[in-house]
Amino acid sequence: MATMDTAKLQEQAIKHLWLHFTQMAGYDPDKHPVMVRGEGIHLFDSNGNKYMDFLSGLFTVQIGYSHGEEIGRAMLEQAMELPYYTNWTYSHPRAIELATKLAEITPEGINRSFFVSGGSEGVEGAIKLAREYHNANGEPMRRKVIARQIAYHGTTYGALSLTGITSIRTPFEPLMSGVRHVAPTNPYRCKYCADQGSCNLSCAEEVREVIEFEGPETVSMVIMEPVQNAGGCFTPSAEYHQRVNEICKEYGVLHAADETICGYGRVGEWFGSIRYDYKPDIITCAKGLTSGYQPMGAVLFGDKIADALLEKEAMYLHGITFGGHPIVAAAALKNLEIMEREGVIENVRNNQDYLRDQLLGLKERYEIVGDVRGAGYFWAMELVKDRATKETFNEEECNVLLRDFLSPTLLEEGLLCRADDRGDPAIQISPPLITTRDQIDEAIAVFDRVLPEAQNRMAKLH
Ligand SMILES: Cc1ncc(COP(=O)(O)O)c(C=O)c1O
């Protein structure tokens, strides 16, 4: 593969490009490769280095990187037929076909799609749709939203208000009023039941307590990911989402599943809410909808909401110029077709236990791995200072462990995954849904090289 002029690209990047969530002062080109090509589950940088992408871009590239020609052809055909039209007032075939396809694969009762351009916009849309629903029902006081601590729901103002990560909220406060954050499900450190060995659903009951405290007539929506990403794959107990769903119904509150990551096969079903067997009123999604080949998100919602708006002849006062863009919708349709044709969700189902067992093997071999949790192809390894006490690393130690050692070393080893400390420090592993057992073994071999050194370094610090 021809390499590019990396020095020139990096010089221009430093001068002109501002990276997302990136400290640009002291930008080190070695830590920020320029990715130029993708193939299967691999990426190649401008120096010709090859990486296994065990983060799927950003939890996005379900089908891997090799379908550009097929998806590109579908987009080209669409561009020649109708390159752009809006979903404001009028429609076009691709948006209709995509909405119809989504009604087929979403949980029963979710039959409507409102298209947007990404995950944050999906969450914004859900906040407003929930208000419109309550307005139509004559309950305009219902404006408050309950989300979870440490959860990430996006960065635009409304979505950021639901995000429960203090460090990225505080610089922008005051945010949208009326948002409350409850405990996430974290079986490893749950304040209610971590020492009891099983979930007693107190975390779900906390939702009830907050609704009661706020006054049910003021609460609009509860929003949660089926498996919470930030904090490191907080999986729920089997009954958690069902209980939250019951509580929402009891108090007339809408239940939204933010499936920006969990949707489109990530946890072994089309949607996480299918895997955990509950029926949300709203699903927000993005990422895997197009496998990232084009930017698209959606607010998918149930008949209950649609019927309320239809009955009141109410409009959903919301619109996005590019929502449902025909070329983007053509890419999404082709992505879903490829996912079905190539059996990528079946691949996750066939290999998810294997991936889990290999990660548990790492935990057996290395004391620094305190917990392994996740579902499907969506996993995290929480790193601890002391496995017996579950003592975690302080901020300075996290810097040494994650930023100075793990992130650059995994990159050097050609493995892309995320060392994250938005909650307690964890390594996030989320490979494309086409990843094979051999490729899982390759990634585990990298961890077998890197984790002993991580352990040694941290031991020396004490
Ligand atoms: C659960 C969740 N919600 C919302 C978002 C925001 O999506 P976007 O970055 O497309 O705006 C993300 C992004 O990672 C996410 O993980």
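Owing to the predicted nature of the structure, the values given are computational and were not obtained by experimental measurement.

1. Some thoughts on the packing of helix α8 (residues 202–214) against helix α9 (residues 240–251)
- Orientation of α8 relative to α9, taken along the N-to-C sense of each, is 20°, at an axis distance of 8 Å. Our classification of the angle between α8 and α9 gives roughly parallel. In the crossing of α8 with α9, the sense of the turn from one axis to the other is right-handed. Between α8 and α9, the residues in contact are C203, A204, E205, V207, R208, I211 and E212 and Y240, R243, V244, I247, E250 and Y251, respectively.
- Residues belonging to the contact of α8 with α9 are distributed by class as follows: eight nonpolar, no polar and five charged.

2. Comments concerning the packing of aromatic side chains
- Within this structure, the stated rule accounts for six aromatic pairs.
- Ring geometry for F59 and F378: centres 6.0 Å apart, planes at 85°, overall edge-to-face. With F59 in helix α2 (residues 56–59) and F378 in strand β12 (residues 378–383), the pair connects residues that are 319 residues apart, well separated along the chain.
- Of the residues examined, F59 reaches a relative accessible area of 2% and is grouped as buried.
- Its relative accessible area of 1% is what places F378 among the buried residues.
- An aromatic cluster is present here, built from Y84, Y85, Y90 and F322 joined pairwise through their rings.
- Over the ring of F44 we find R37, and its NZ or CZ is 4.2 Å from the ring centre.
- Cation over ring: K390 sits above Y188, and NZ or CZ is 4.5 Å from the ring centre.

3. Topic: empty space enclosed by the protein
- For the structure on display, the rule yields one cavity of 30 Å³ or more.
- Computed from the structure, the largest cavity encloses a volume of approximately 40 Å³.
- As for the largest cavity, its lining consists of N245, C248, K249, V253, H255, D281 and K304.
- With three residues, α9 is the single largest residue contributor to the lining of the largest cavity.
- Of the residues contributing to the lining of the largest cavity, the split by class is two nonpolar, two polar and three charged.

4. Side note on helix α1 (residues 6–16)
- What α1 keeps buried is the set T6, Q10 and A13. Buried residues of α1 fall within an arc of 55° about the axis and therefore sit on the same side. Exposed and facing more than 90 degrees away from the buried side of α1 are A7, K15 and H16.

5. Regarding the domain arrangement of the protein
- Parsing the protein into structural domains produces domain 1 (6–63 + 343–461) and domain 2 (69–341).
- Between domain 1 and domain 2, the C-alpha centre-to-centre distance is 26 Å.
- Residue-level contacts link 38 residues of domain 1 with 40 residues of domain 2.
- Both faces considered, domain 1 and domain 2 share a buried interface measuring about 3100 Å² in area, 57% of it formed by carbon and sulfur atoms.
- Area buried by domain 1 at its contact with domain 2 is led by I63, F378 and R422, which between them contribute 23% of it.
- On the surface where domain 1 and domain 2 come into contact, there are three salt bridges.

6. Some remarks on the site of the ligand
- Around the ligand lies a shell formed by G118, G119, S120, Y152, H153, G154, E225, D258, T260, I261 and K287.
- Note that a nitrogen atom of the ligand is positioned 3.3 Å from one of the side-chain N or O atoms of T260.
- With the chains in place, 80% of the 390 Å² that the ligand exposes on its own is no longer accessible.
- A breakdown of the residues in the shell around the ligand according to their chemical character gives two nonpolar, six polar and three charged.

7. Structural notes on the packing of helix α3 (residues 68–81) against helix α12 (residues 326–341)
- Two elements in contact, α3 and α12, have axes whose closest approach is 8 Å; the angle formed by their N-to-C orientations is 145°. Here α3 and α12 pass one another in a crossing that is right-handed. Between α3, through E70, I71, A74, M75, Q78 and A79, and α12, the contact on the second element is made entirely by P326, I327, A330, A331, K334, N335, E337, I338 and R341.
- Residue composition of the contact of α3 with α12, by class: nine nonpolar, two polar and four charged.

8. Here's the deal with the pattern of salt bridges
- Going through the model one piece at a time under the given rule, you end up with 35 salt bridges.
- In this structure, E214 and R180 form a salt bridge, with 2.5 Å as the shortest nitrogen-oxygen distance. Taken together, the residues span a long stretch of sequence, with E214 in helix α8 and R180 in strand β6 (residues 179–182) at a distance of 34 residues.
- Here E214 falls in the buried class, since its relative accessible area comes to 13%.
- Put simply, E382 and R373 hold a salt bridge, and the shortest N to O gap is 2.9 Å.
- Its relative accessible area of 3% is what places R373 among the buried residues.
- Salt bridges sharing common partners tie together R189, D371, R373, E382 and D424.

Conventions we followed
- Residues numbered from 1 in each chain as written.
- Predicted model: local features only at pLDDT ≥ 70, side-chain atom pairs only at ≥ 80, totals over all residues.
- Heavy atoms only, no water.
- Axes fitted to C-alpha atoms, helices over the stretch in contact; angles between N-to-C directions.
- Helix = DSSP H or I, 4+ residues; strand = E, 2+ residues; numbered from the N terminus.
- Parallel < 35°, antiparallel > 145°, perpendicular 65-115°, else oblique.
- Left-handed = near helix turned anticlockwise from the far one by under 90°.
- Contact = heavy atoms within 4.5 Å.
- Nonpolar A, V, L, I, M, F, W, Y, C, P; charged D, E, K, R; others polar.
- Phe/Tyr/Trp six-rings, centres within 6.5 Å; stacked < 30°, edge-to-face > 60°.
- Buried < 20%, exposed > 50% of the residue type's maximum accessible area, 1.4 Å probe, protein only.
- Lys NZ or Arg CZ within 6 Å of the ring centre and 35° of its normal.
- 1 Å grid on protein atoms, 1.4 Å probe; cavity = no way out; pocket = protein on both sides within 12 Å on 5 of 7 lines; lining within 4 Å.
- Points joined across faces, edges and corners; volume = space filled by probe spheres on them.
- Arc of directions from axis to C-beta.
- Domains from an automatic or database assignment.
- Buried area = accessible area lost by both parts, 1.4 Å probe.
- Salt bridge = Lys/Arg side-chain N within 4 Å of Asp/Glu carboxyl O.
- Near = heavy atom within 4 Å.
- Polar contact = N/O pair within 3.5 Å; in protein donor to acceptor, adjacent residues only side chain to side chain.
- Areas by Shrake-Rupley, 256 points an atom, 1.4 Å probe, with all protein chains shown as cover.

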